[in-house]
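Here's the letter readout for the chains.
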Amino acid sequence: MSLRKFMVLLGLMFPVLVFPQTAESKPLVFGVTQKIQSAHLGETRTINIYLPEDYNPKDTLTYSVIYIPDGGVEEDFFHLAGIVRYNTQPWIARFPRSIVVGIENTNRKRDFTHTVDNLDFVEKVGFKKSQFPAYGGSEKYIAFLEKELLPYIRAQYKGNAHATLIGESMAGLLATEILFKHRDLFDQYIIIAPSLWWGDRALLQQAPQWLKSGDGRTKVYVAACNKDEDQGMYDVAVALKETLQKNGTGFGIYFDYLPDEIHSTVIHQAVYNAFRAFYPKTIYQK
């Protein structure tokens, strides 16, 4: 066989792939990231923000805002903002389009824990004191939220007074403290597998003094994951639910046990369930 015939046959067996020369690409933009200098925290914090589709800073619309303390791009920002985007699509419309604000962590053990006299209790739940070189900074973090971040989002991104806080584990401890002590900062709380063992359950023990007043608008979703993984974490979630039911005034309380989820997997399903609990029907089911 001649070389020419061989090349023709090879071309028939392996046709040349032709790629379009005019293909275009552009970034897929999901949100914005910016830095905010906090006087209360004494440091610069990174904030990730998802804005609803068709967001227009020049129109008169305002939006409810969903805050995620574990809101870094390597934490929970993207997948939780995705749940919000899904639920607010026009063919679903479970609840109105919302802004999502994710706060990247610098030291979550410091920022999400309230002050304690000592760390003797951490060894009871399997930690070492050395794992908490800094702690007890929640008061400063809450001041950052109340006096800096929330007003900034309302002013710069058209957020309104309807706000939701999502906290899991240590962030669930923080969310519980805000619910007890600064309830009016948010009107919906999603608290998932909260680390209420902190301080020998001090927040739960002191809860009755903070829960008697209320205006009836606060909704609280509490989730617990598989109790066989960590009975203690399950117990404090149940204790939170029971404390709210016994001592709370004007609460809408939703408790969700997710036995098929463990601590590392529970947040995504729990947040989806929480929005379904807060908004049982889509606009097309009403």
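Presented here is an overview of the structure given in this document.

## Section: the overall build of the chain
Consideration 1: Looking only at helices and strands, the chain features 9 helices and 8 strands.
Consideration 2: For the chain, whose C-alpha radius of gyration is 24 Å, the value lies well above the compact-globule estimate of 19 Å for 286 residues.
Consideration 3: Counting only C-alpha atoms and orienting by the principal axes, one finds that the chain spans roughly 95 × 50 × 45 Å.
Consideration 4: Looking at the chain as a whole, 49% of its 286 residues are labelled buried.
Consideration 5: For the chain, restricting intrachain contacts to residue pairs at least 6 apart in sequence, the fraction spanning at least 24 positions comes to 76%.
Consideration 6: As presented, the chain carries roughly 15000 Å² of accessible surface, and 54% of it is formed by carbon and sulfur atoms.
Consideration 7: If the 31 positive side-chain charges of the chain are averaged to one point and the 31 negative ones to another, these points end up 5 Å apart.

## Quick notes on the pairing of strand β8 (residues 251-258)
Consideration 1: Looking at chain direction, strand β7 (residues 218-225) and β8 are connected through 8 bridges and run parallel. Paired with Lys219 across the strands is Gly252, a residue of β8.
Consideration 2: The parallel pair β7 and β8 is bridged by helix α8 (residues 231-247), and the resulting crossover is right-handed.

## Examining helix α9 (residues 266-278)
Consideration 1: For α9, which comprises 13 residues, the first-to-last C-alpha distance of 18 Å matches the rise-based estimate of 18 Å (1.5 Å per residue) to within 8%.
Consideration 2: Among the residues of α9, Val266, Ile267, Ala270, Val271, Asn273, Ala274, Phe275 and Phe278 are the ones counted as buried.
Consideration 3: Those residues of α9 hidden inside the fold are in contact with β3 (63-68), α2 (77-87), β5 (159-168), β6 (188-192), β7 and β8.

## Some details on empty space enclosed by the protein
Consideration 1: One pass over the full model with this rule turns up 2 cavities of 30 Å³ or more.
Consideration 2: Within this model, the largest cavity holds a volume of roughly 40 Å³.
Consideration 3: Where the lining of the largest cavity is concerned, the elements lending two or more residues are β3 and β5.
Consideration 4: Here the lining of the largest cavity is composed, by residue class, of 4 nonpolar, 5 polar and no charged.
Consideration 5: Estimated volume of the second largest cavity: approximately 30 Å³.
Consideration 6: Lining the second largest cavity, in full, are Ile68, Asp70, Asp76, Ile166, Gly167, Glu168, Ala171 and Ile267.
Consideration 7: Examining the composition of the lining of the second largest cavity, we find that 3 residues originate from one element, β5, more than from any other.
Consideration 8: Classifying every residue of the lining of the second largest cavity by side-chain character gives 4 nonpolar, 1 polar and 3 charged.

## So, the packing of aromatic side chains
Consideration 1: Here the structure, examined in full by the defined rule, presents 22 aromatic pairs.
Consideration 2: Between the aromatic rings of Phe95 and Tyr279, the centroid separation amounts to 4.9 Å while the plane-to-plane angle is 25°, which identifies the pairing as stacked. Of this pair, Phe95 sits in the loop between α2 and β4 (98-103) while Tyr279 sits in the segment after α9, placing them 184 residues apart in sequence. Tyr279 carries the same exposure label as Phe95, and that label is buried.
Consideration 3: Seen from the ring of Phe132, Lys109 lies directly overhead, with NZ or CZ sitting 4.8 Å from the centre.

## Some words on the side chain of Thr164
Consideration 1: Topologically, Thr164 is positioned in strand β5.
Consideration 2: Within the structure, Thr164 has its side chain in polar contact with the side chain of Gln188 (distance 2.9 Å).
Consideration 3: Among residues more than four places away in sequence, those in contact with Thr164 are Val65, Ile66, Tyr67, Phe186, Gln188 and Ile190.

## Focus on the pairing of β3
Consideration 1: For β3, the buried fraction is high: 6 of the 6 residues fall into the buried class.
Consideration 2: In this structure, β3 lies alongside β5, joined through 4 bridges in parallel fashion. Paired with Val65 across the two strands is Ala163, which belongs to β5.

Here is what the cut-offs are and how they apply
Residues numbered from 1 in each chain as written. Predicted model: local features only at pLDDT ≥ 70, side-chain atom pairs only at ≥ 80, totals over all residues. Heavy atoms only, no water. Helix = DSSP H or I, 4+ residues; strand = E, 2+ residues; numbered from the N terminus. Rg over C-alpha atoms; globule rule 2.2 N^0.38 Å. Buried < 20%, exposed > 50% of the residue type's maximum accessible area, 1.4 Å probe, protein only. Contact = heavy atoms within 4.5 Å. Areas by Shrake-Rupley, 256 points an atom, 1.4 Å probe, with all protein chains shown as cover. Lys, Arg positive; Asp, Glu negative; His and termini not counted. Charge placed at Lys NZ, Arg CZ, Asp CG, Glu CD. Pairing = 2+ DSSP bridges. Right-handed = clockwise from strand over helix to strand, strands pointing away. Expected span 1.5 Å × (residues − 1). 1 Å grid on protein atoms, 1.4 Å probe; cavity = no way out; pocket = protein on both sides within 12 Å on 5 of 7 lines; lining within 4 Å. Points joined across faces, edges and corners; volume = space filled by probe spheres on them. Nonpolar A, V, L, I, M, F, W, Y, C, P; charged D, E, K, R; others polar. Phe/Tyr/Trp six-rings, centres within 6.5 Å; stacked < 30°, edge-to-face > 60°. Lys NZ or Arg CZ within 6 Å of the ring centre and 35° of its normal. Polar contact = N/O pair within 3.5 Å; in protein donor to acceptor, adjacent residues only side chain to side chain.

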